[in-house]
Amino acid sequence: MRQVETVSLDDARRVIAAGEQKAREIGSPSNVAVVDTGGNLVTHIRMDDAWMGSIDISINKAFTARAFDTSTGDLAKNSQPGEQFYGIADSKHGRVMIFAGGLPLRGSTGNVVGGVGVSGGTGEQDQIVVEAAMAAF
């Protein structure tokens, strides 16, 4: 039997708490989501005053980071016209997010075991928050 390492609820809560703390520090009410190794939602928060429209975006950024095992910001660079992943945003029924704010979570062996996504601020703010969230993993 093959065992798969994944994000636990306790892991996800720690990641979410770190993201929420950083979002408060920089004044960017955010949605923060964590998915497991299968890209399934483990937990999500919407901070007070965070945009409702960013709920799905944060979840989909986490999903995208896990689905492609890369940051959504890097995927954005490679999805521009003429680049190798041009058109990828249309895949997975529109779930693929190609802007900053999503990062894969790596387990003890270095394998990707989940993802974290942040939405609610500028791309720069989302990236700052998601990096702080990931660091807590």
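Residues numbered from 1 in each chain as written. Predicted model: local features only at pLDDT ≥ 70, side-chain atom pairs only at ≥ 80, totals over all residues. Heavy atoms only, no water.

With respect to the helices and strands, Leu105 occurs in strand S3 (residues 102-106). Among the residues examined, Leu105 registers a relative accessible area of 0% and is labelled buried. With 69 residues separating them in the primary sequence, Leu105 and Asp36 have C-alpha atoms 8.9 Å apart. Residue contacts for Leu105: discarding those within four places in its chain leaves Val7, Val34, Asn111, Val112, Val113, Gly114, Gly115, Val116, Met134 and Phe137. (Helix = DSSP H or I, 4+ residues; strand = E, 2+ residues; numbered from the N terminus. Buried < 20%, exposed > 50% of the residue type's maximum accessible area, 1.4 Å probe, protein only. Contact = heavy atoms within 4.5 Å.)

Moving on: unusual backbone geometry. With a phi close to 50 degrees, Asp69 is a non-glycine residue in the positive phi region. With respect to the helices, strands and loops of the structure, Asp69 is situated in the loop between helix H2 (54-68) and helix H3 (72-77). Positive phi, close to 55 degrees, is recorded for His93, a residue that is not glycine. Among the secondary structure elements, His93 is positioned in the loop between H3 and S3. Under the relative-accessibility criterion, His93 is labelled exposed at 84%.

This next bit is on the side chain of Ser54. Along the chain, Ser54 falls in helix H2. At 3.1 Å, the side chain of Ser54 forms a polar contact with the side chain of Ser119. Excluding anything up to four places from it in sequence, Ser54 contacts Asn31, Ser119 and Gly120. (Polar contact = N/O pair within 3.5 Å; in protein donor to acceptor, adjacent residues only side chain to side chain.)

Pairing in this open sheet of 4 strands is antiparallel, and the strands run S2-S1-S4-S3 from one edge to the other. Pairing within the sheet leaves two strands with one partner each, and these edge strands are strand S2 (41-46) and S3. Shown here is a sheet whose adjacent strand axes are inclined to one another by a mean of 15 degrees, direction ignored. Looking at chain direction, strand S1 (residues 31-35) and strand S4 (residues 112-119) are connected through 5 bridges and run antiparallel. If you follow Val32 over to S4, its bridge partner there is Val118. Each of S1, S2, S3 and S4 is contacted by H2, which is oriented at about 150 degrees to S4, the strand it contacts most. Of the strands in this sheet, S3 and S4 touch helix H4 (residues 123-135), which is tilted by about 145 degrees from S4. (Pairing = 2+ DSSP bridges. Axes fitted to C-alpha atoms, helices over the stretch in contact; angles between N-to-C directions.)

This next bit is on the packing of helix H1 (residues 9-26) against H4. Remark: H1 packs on H4, axes separated minimally by 7 Å, with the N-to-C direction vectors making an angle of 140 degrees. Considered as vectors, H1 and H4 are oriented oblique to each other. For the element pair H1 and H4, the recorded crossing hand is right-handed. Facing Val15, Ala18, Gly19, Lys22, Ala23 and Ile26 of H1, the residues of H4 in contact are Gln125, Ile128, Val129, Ala132 and Ala133. When the residues that make up the contact of H1 with H4 are grouped by side-chain class, the tally is 8 nonpolar, 2 polar and 1 charged. (Parallel < 35°, antiparallel > 145°, perpendicular 65-115°, else oblique. Left-handed = near helix turned anticlockwise from the far one by under 90°. Nonpolar A, V, L, I, M, F, W, Y, C, P; charged D, E, K, R; others polar.)

Everything listed here is a matter of coordinates, which is why it stays silent on function.
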